[in-house]
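Chain by chain, the residues run as shown.
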Amino acid sequence: MKRGLLIIMSGPSGVGKGTIREKLMEDKSLNLFYSVSMTTRNPRPGEVNGREYYFVSKDEFQKNIDNGNLLEWAEFVGNRYGTPKDKVEKMRDEGKNVLLEIDVNGTSQVLSKLDRNDVISVFIAPPSLEELEKRIRGRSTETDEVIKNRLAQASRELSQKDQYRFVVINDKLEDAVEDFKKIITSN
Ligand code: ADP
Ligand code: 5GP
């Protein structure tokens, strides 16, 4: 059986990663497995433990680091996020294409650990910073202070988009989803 691909999706908070991911997951022909991350942040309304994230305490997260259970992890605007290692390799061995939605620091870690040719990295960029702010505010899931911190972080992340093999601009959602699908199917 052909081993599955490892696909990384990154991009600033509010750019539309979750929205694009949902559309990708609907397309069964892509044979995707979404790697659910672990985080210390609180669930947003509607988020379900084990679906969007595994929501854990700071202590539990630290234990997972200490036990070597995470492929990568990073601190993002006051919370920790990490990728459980076990499933990623198992699903790839079973031929599934594994999708990670992680930040730029996590991506550097994965790229330094694995063969770069083995990884498809995609950065989702906003059409403009004004539009990004509109989206993150429109989602109404964070306080004003958190939004400000996330927007400041966005500029730092955008400056690192060159470490990715592909950049997709999420202007019209349908076009961004199609561009992403083409990247997967052509690899
Ligand atoms: P992320 O997962 O990157 O933080 P989300 O998927 O939660 O971002 O999207 C942030 C907000 O932007 C949501 O309200 C979503 O509906 C909206 N959104 C996503 N893509 C687009 C788009 N192409 N045009 C306009 N709004 C969008
Ligand atoms: P959010 O709180 O908006 O869900 O996610 C904040 C940021 O953390 C996003 O950039 C998201 O991609 C990133 N993130 C989510 N899961 C992981 C992970 O497992 N590892 C790393 N490094 N970043 C993650």
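The model shown is predicted, which means the values in this text are computed figures rather than measured ones.

(A) Structural view of the packing of aromatic side chains. The final tally for this structure, using the stated rule, is five aromatic pairs. Measuring from centroid to centroid gives 5.8 Å for Y53 and Y81, while their planes differ by 55°, and the two rings are tilted. Of this pair, Y53 sits in strand β4 (residues 53-55) while Y81 sits in strand β6 (residues 79-84); the two residues are 28 residues apart in sequence, bridging distant segments of the chain. Residue Y53 shares its accessibility class with Y81, and that shared class is buried. Judged by centre distance (6.1 Å) and plane angle (85°), the rings of F76 and Y81 are edge-to-face. Neither F76 nor Y81 differs from the other in exposure class; each is buried. A cation sits over an aromatic face here: R21 above Y34, 4.3 Å from the ring centre.

(B) Geometry of the site of ligand 1. Surveying the vicinity of ligand 1 reveals 13 residues, the closest of which are G14, K17, T19, R139 and N170. Residue G14 places a main-chain N or O atom 2.8 Å away from an oxygen atom belonging to ligand 1. Within the backbone of V15, one N or O atom sits 3.4 Å away from an oxygen atom of ligand 1. With the chains in place, 72% of the 570 Å² that ligand 1 exposes on its own is no longer accessible. Counting only elements with at least two residues in the shell around ligand 1, the list comes to α1 (17-26) and α5 (129-139). No other element matches α1, which puts three residues into the shell around ligand 1.

(C) Representation of the pairing of strand β7 (residues 97-101) in the model. The buried fraction of β7 amounts to five of the five residues, a majority that puts the element mostly inside the structure. Neither face of β7 is open: one carries N97, L99 and E101, the other V98 and L100, and all of them are buried. Two strands pair when backbone bridges link them, and strand β2 (residues 32-34) and β7 are joined in this way by three bridges, in the parallel orientation. Residue pairing across strands places L32 opposite N97, the latter belonging to β7.

Thresholds applied
Residues numbered from 1 in each chain as written. Chains lettered and ligands numbered in written order. Predicted model: local features only at pLDDT ≥ 70, side-chain atom pairs only at ≥ 80, totals over all residues. Heavy atoms only, no water. Phe/Tyr/Trp six-rings, centres within 6.5 Å; stacked < 30°, edge-to-face > 60°. Helix = DSSP H or I, 4+ residues; strand = E, 2+ residues; numbered from the N terminus. Buried < 20%, exposed > 50% of the residue type's maximum accessible area, 1.4 Å probe, protein only. Lys NZ or Arg CZ within 6 Å of the ring centre and 35° of its normal. Near = heavy atom within 4 Å. Polar contact = N/O pair within 3.5 Å; in protein donor to acceptor, adjacent residues only side chain to side chain. Areas by Shrake-Rupley, 256 points an atom, 1.4 Å probe, with all protein chains shown as cover. Pairing = 2+ DSSP bridges.

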